[in-house]
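Overview (structure and organization)
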Amino acid sequence: MDFPKRYNPTEVEPRTRRFWNETGIYKFNPEDKRPIFSVDTPPPYVSSDHLHVGHAMSYSQAEFIVRYKRMAGFSIFYPMGFDDNGLPTERFVEKKHKINKSKITREDFIKLCLEETRNGAKVYRDLWEALGISVDWDLTYSTIDPRSTATSQKSFCDLHRQGRIQRRDEPITWCYKCGTSVAQAEIETAELESQLNDIAFIGPDGEDLIISTTRPELIPACVSLYVNPEDERYANLIGKKARIPLFDYEVEIRTHPDVAVDFGTGLMMVCTWGDMEDVKKWKEHRLDTRAIFNSWGKLGELAGPYENMTAQNARKAILKDLEEAGRLKKQEKISHIVGVHDRCDTPIEFNHSPQWFVSLLDKKDEYLARGEQINWRPGHFISRYSDWVEGLKWDWCISRQRFYGVPFPVWYCEKCGAPRVADESELPVDPLMKSPPQGTKCVACGHDVFVPEKDVMDTWMTSSLTPLINARWAFDDNLMDRIYPMSIRVQAFEIIRTWLFYTVAKSHHHTDSLPWEDVMISGWGLDEKGRKMSKSLGNYVPPEQVIEKYGADALRYWSARATLGNDLRYHERDVSNGKRLMTKLWNAAKFVAMQLEDENGEKRSLTPGAPTTIDRWIQSRLQQVIAEATKYMDRYEYSHAMEITERFFFTEFCDNYIEIVKERFWNPENFEADVVDAGRWTLYEVCEKVVKLLAPFIPYITEELYQIVFRADDSPVSVHVSDWPKADADSVDETALEAGRLLIAVLTGARRWKTDRQVNQNHPLKILRVCADDKLLEKLRPLSADLGAAAHADAVEFGGEGDVGTEIEEIRLALELGEKKK
């Protein structure tokens, strides 16, 4: 048998990938009658040129389960998507090419976006293939392709028909840096340093009315002052007028129970719009509108001398003028929590323009009920979902004032402005490129000229449909009855509020069902200091470098160390430990392979022979490990499955069983022939099962060993489509298990004795004397030959003298070193 001396991942991994591609073992077969395990895997943003090991970790963890399910007898539907539409891609293009979207044509900008998405998709695909991610690339989709566009537009049309989508003209959260509206799910909180300013407004009798604010640039947008109706300090002011400093106009003083008596002076200015409290009071009391910002955050005409300034510059200028006018009474440095856009970290503002909304707030109870129906892995993550749903404050604004994204299938009547939503038969459609069908008339006024909607949809409008995109819901040749609801959604915890929630909501309204049965949540890959990896911190580790140095299997091994849902710090030593496992596995399989040929190089016929107690022990332990590993994998607890398999392989199989059984092969004349046969049979059986148990985690080396050592003429073409080992509880020999525990206890003591004397474990012992209770000795005596072989002892003696007890921990050893053999 041609067995290389060392395992070389640099040579093996590319060759193995070619083998997998040529054999097509990962391709979904729609004619397969086996149960389907379908995977809704995250379509990553392709607007990234700094992938790090954290990305490799999360995708590997999900793929451990996929490989297990494939071996467990499922037909696998495992697509890969690429999220390449919307704001993330636009921001990436703007930053990389140093361009301003407002100074480039729509066509040229989209061309750049498409170019970058193609480049980004290639980067991701190259990495996932190198990592051994076993997707069916024939099922690949992108969120800007015609299939996804048609699905997203069908979703819009269906929700519009249900009355769940409306166009509203009201204040909405806005990112002035990105020049677009944003949804609640895209807003994160940040603690920022600021300054609380006490500013004197002018009361009805000329008195100072002190307002405490961090936003003096909003003073020209002030439309009312408010006090708490129970605040006796201001009872005489209610219903009267106050004058705005610097801008010399009057507003009414009103009351509202939400005004905090103990914040600042108890007086509150309401502007259009600084925060949600402003919006709430503006709606409730139908206040005037003084919108002072344009779409890019510059002050407008109502700001007077501060027109065309940014908010920051206007703040400085207004504070300076207030101080000169004697209206700035006090300043105090503070830190406060503000909402920022998750794409650019810019503080969120409010703007006023017509937008499309999906109604969510009236269905919160139904979304919560759906969350309870999902199998969460780990289970505690349902709380993040429930907290988000319960905390929803706004409906979902889905309009984005950008170029690159899925277009709304909408035109507006040129005369009356009534929207005309496309029929599903017209999808996919870009209203900027195509008009409604000839003869179409406005249902409101009968006019026949239409103007296109220029906004595009929020990227989550499409990404939330990945199960329906995969199932081809929008098409006649759909797979809805085969793969939907899908078996599993795999994702990170930080997008529960976006990707997961929106997908649940969409599926609830479109199909009245869950989108999948199980949800598997992964954590983050962190640097050695426990920080999330990012380009800005410069602490990210490129996975390509790790793969080049250690191989993909070693990186996957590191990924398997994190328990489900938890973060994992990256330490190179952990990757190196993966390489150590592979070296040990390679050498063990090589030892097995040596026993499969006779002295003439001819293949031996394996027979069960007459297994000894120690053979029955390792086989029994194997059955227990298979049962445990299977239980853990069924619960998606891959890290525990990996841990128990690795521990069994190192400590019980390699350190003990191989050390014991090799004596039968080195000196076969000292054993019965059927005992030697039993050793070969057991060695092969156990090592083969270990290779299969490790295959989901380290697929390259296990494939190589399967092909070299374990694949027979009638075996499956790949270890990854072979059967997952099945535990046989009836074959577990309790007597042999106890004997094995005793033997390991003695060997552990002998090895510790050698370690304390700083001699090699292979150094022979002249004698190994075991002292124990008579009942223990009775069980140990039949293991005499095995003990001597494993401990490298010339003689093994048993005695009951000394202070000994009935427990394993009370076994006493007396050892003497022998002459080192040449």
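**Some details on the pattern of salt bridges**
In a structure, side chains of opposite charge can pair up when their charged atoms sit close to one another. Overall, the coordinates contain 52 salt bridges when judged by the stated rule. The closest approach of N and O atoms between R167 and E453, which form a salt bridge, is 3.3 Å. Separated by 286 residues along the polypeptide, R167 in strand β5 (residues 165-175) and E453 in the loop between β20 (450-452) and β21 (456-457) bring together distant segments of the chain. Residue E453 is classed as buried on the basis of its relative accessible area, which comes to 6%. Between K662 and E659 there is a salt bridge, with the nearest N and O atoms lying 3.2 Å from each other. Taken together, the residues K662 and E659, both in helix α18 (residues 638-666) and three residues apart, mark about one turn of the helix. Looking at E659, the relative accessible area reads 18%, which means it is buried. Put simply, R168, E170, K283 and D395 are held in one network by salt bridges that share partners.

**Brief notes about the sheet that holds strand β26 (residues 765-771)**
The strand order across the open sheet built from three strands is β27-β26-β28, with neighbouring strands paired in mixed fashion. With one partner strand each, in any of the chains shown, β27 (796-799) and β28 (812-817) form the two edges of the open sheet. Neighbouring strand axes in the sheet, compared pairwise and without regard to direction, differ in orientation by 15° on average. Sheet topology places β26 next to β28; six bridges connect them, and they run antiparallel. When the sheet's bridge partners are listed, V770 is paired in β28 with L813. The sheet strands contacting helix α21 (residues 734-756) are β26 and β28, and the helix crosses β28 at an angle near 45°. Contacting β26 and β27, helix α23 (residues 784-791) runs over the sheet at an angle of about 125° to β27.

**Here's the deal with the packing of helix α2 (residues 53-71) against helix α15 (residues 552-559)**
Where α2 meets α15, the closest approach of the two axes is 9 Å, and the angle between their N-to-C directions is 85°. By the angle between their axes, α2 is roughly perpendicular relative to α15. On the side of α2, the interface is formed by V53, A56, M57, S60, Q61, E63, F64 and R67, while α15 contributes L555, R556, W558 and S559.

**Here's the deal with empty space enclosed by the protein**
Applying the stated criterion across every chain yields a total of four cavities of 30 Å³ or more. Volume-wise, the largest cavity comes out at about 70 Å³. What lines the largest cavity is Y176, L218, A221, T272, W273, A291, I292, F293, F350, N351 and H352. Empty space within the second largest cavity amounts to approximately 60 Å³. Every residue lining the second largest cavity is listed: G86, L87, P88, E186, R343, R400, R402, V456, M457, D458 and T459. Those elements that place two or more of their residues in the lining of the second largest cavity are α3 (87-97) and β21. Residues belonging to the lining of the second largest cavity are distributed by class as follows: four nonpolar, two polar and five charged.

Definitions and cut-offs
- Residues numbered from 1 in each chain as written.
- Predicted model: local features only at pLDDT ≥ 70, side-chain atom pairs only at ≥ 80, totals over all residues.
- Heavy atoms only, no water.
- Salt bridge = Lys/Arg side-chain N within 4 Å of Asp/Glu carboxyl O.
- Helix = DSSP H or I, 4+ residues; strand = E, 2+ residues; numbered from the N terminus.
- Buried < 20%, exposed > 50% of the residue type's maximum accessible area, 1.4 Å probe, protein only.
- Pairing = 2+ DSSP bridges.
- Axes fitted to C-alpha atoms, helices over the stretch in contact; angles between N-to-C directions.
- Contact = heavy atoms within 4.5 Å.
- Parallel < 35°, antiparallel > 145°, perpendicular 65-115°, else oblique.
- 1 Å grid on protein atoms, 1.4 Å probe; cavity = no way out; pocket = protein on both sides within 12 Å on 5 of 7 lines; lining within 4 Å.
- Points joined across faces, edges and corners; volume = space filled by probe spheres on them.
- Nonpolar A, V, L, I, M, F, W, Y, C, P; charged D, E, K, R; others polar.

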